Amino acid sequence: MRIAVVLFLSVCSLPVFAVGYSASLEQSRWELEASKFSCRLSQKIPLFGEGEFNQEAGETVRFTLKPLQGHGLKGEVQIMEAASPWQPGIGTREIGEVKFSTDGTIAVPTSYSQQMLASLFRGRMPTFLAQNWAETGESVRIGLSAANFPPAYQAYADCISDLLPVNYRQIARTAVLFPSAQWQLSDSTKARLDLIAIYVNNDDSVKSVFVDGHSDAQGRRLANRDLSKKRAEAVTAYLEQKGVSPDRITTRYHGERYPVAQGNDRQTRERSRRVTIRLDRN
């Protein structure tokens, strides 16, 4: 309890003996890298490194603090909301605790990252306070400057509104399932294929779309092969209807040859009645 009180007092007073890093009013610059795939809002922290808010398509915002090599930072860190130089009389508020990774960076969880954005929007300084500095025990304070933040944030918000609904990792490997003896596309399957089509139509690096039809092992082998063909062709036709070029699609069908697992239990049969869609950038 005593340790917690001492730490709290040291944080609130932001001690003068702490090594401090932050951009001055003149140095404070927020830079935006914007695309349909990600929005990155970053600030250089002189003599220390860089902090960046990054939001990928289909993901939530994450903040990362990236120190230069040689700082020797490790252990737990407190994230505080401190007043900017032009905000006298405003107290310090704790946002949360995080840890340095083995490479010296800090990956801040989404909830804290969102609070940091809100803090900057209010003109405050999100500040990282560490108690272990190069194994000497000296404290270090790293702050983000809110100067020049509002216009950069507006551009960042505009970028986020234009992000695609999914990213490549979320969409590169997809399997859609079918009821027994059926090949018609369900509404949920169409919704998934809509996302695939949106992504492929916006990412020129996707060179190929492989559509592979499968069936379970119930019934005659030739009938199952024909059923897997109908399923694959239904998926391909829908993707083409949504604007995916036929030149990018390779359609194949395999019948019951490649079940998801050995055995003929109900779960295996259900998962084997599928069409897989794989995106390839090569």
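That block above? That's the structure.
Right, let's walk through the structure included here. All of these numbers come straight from a predicted model, not from anything done at the bench.

Observations regarding the pattern of salt bridges
Per the counting criterion, the structure on display carries 19 salt bridges. Notably, a salt bridge pairs arginine 273 with aspartate 216, separated by 2.9 Å at the nearest N-O pair. Of this pair, arginine 273 sits in the loop between α7 (266-272) and β14 (274-280) while aspartate 216 sits in the loop between β12 (208-213) and α6 (221-241), and the two are 57 residues apart along the sequence. Using a relative accessible area of 11% as the deciding quantity, one classes arginine 273 as buried. The buried category is assigned to aspartate 216, whose relative accessible area is 7%.

Things to note about the sheet that holds strand β13 (residues 249-253)
Taking strand neighbours across the sheet as the criterion, the four strands line up as β11-β14-β12-β13 in an open arrangement whose pairing is mixed. One side of each edge strand has no neighbouring strand; the edge strands of this open sheet are β11 (173-177) and β13. Neighbour-to-neighbour, the strand axes of the sheet open up by a mean angle of 15°, direction not taken into account. In this structure, β11 lies alongside β14, joined through five bridges in antiparallel fashion. The residue bridging arginine 173 from the neighbouring strand is arginine 278, located in β14. Sitting on the sheet, α6 is in contact with β11, β12, β13 and β14, with an inclination near 160° to β13.

Notes on helix α5 (residues 187-202)
In a regular helix each residue adds 1.5 Å, so 16 residues correspond to 22 Å; α5 covers 23 Å between its end C-alpha atoms and thus fits that length. All of the buried residues in α5 are Thr189, Leu193, Ile196, Ala197, Tyr199 and Val200. Around the axis of α5, the buried residues are gathered within 165° of arc, so they sit on the same side. Residues of α5 that are exposed and point more than 90 degrees away from the buried face comprise Asp187 and Ser188. Next to the buried residues of α5 lie α4 (168-171), β11, β12, α6 and β14.

Rules of the game
Residues numbered from 1 in each chain as written. Predicted model: local features only at pLDDT ≥ 70, side-chain atom pairs only at ≥ 80, totals over all residues. Heavy atoms only, no water. Salt bridge = Lys/Arg side-chain N within 4 Å of Asp/Glu carboxyl O. Helix = DSSP H or I, 4+ residues; strand = E, 2+ residues; numbered from the N terminus. Buried < 20%, exposed > 50% of the residue type's maximum accessible area, 1.4 Å probe, protein only. Pairing = 2+ DSSP bridges. Axes fitted to C-alpha atoms, helices over the stretch in contact; angles between N-to-C directions. Contact = heavy atoms within 4.5 Å. Expected span 1.5 Å × (residues − 1). Arc of directions from axis to C-beta.

Coordinates in, geometry out; function isn't part of it.
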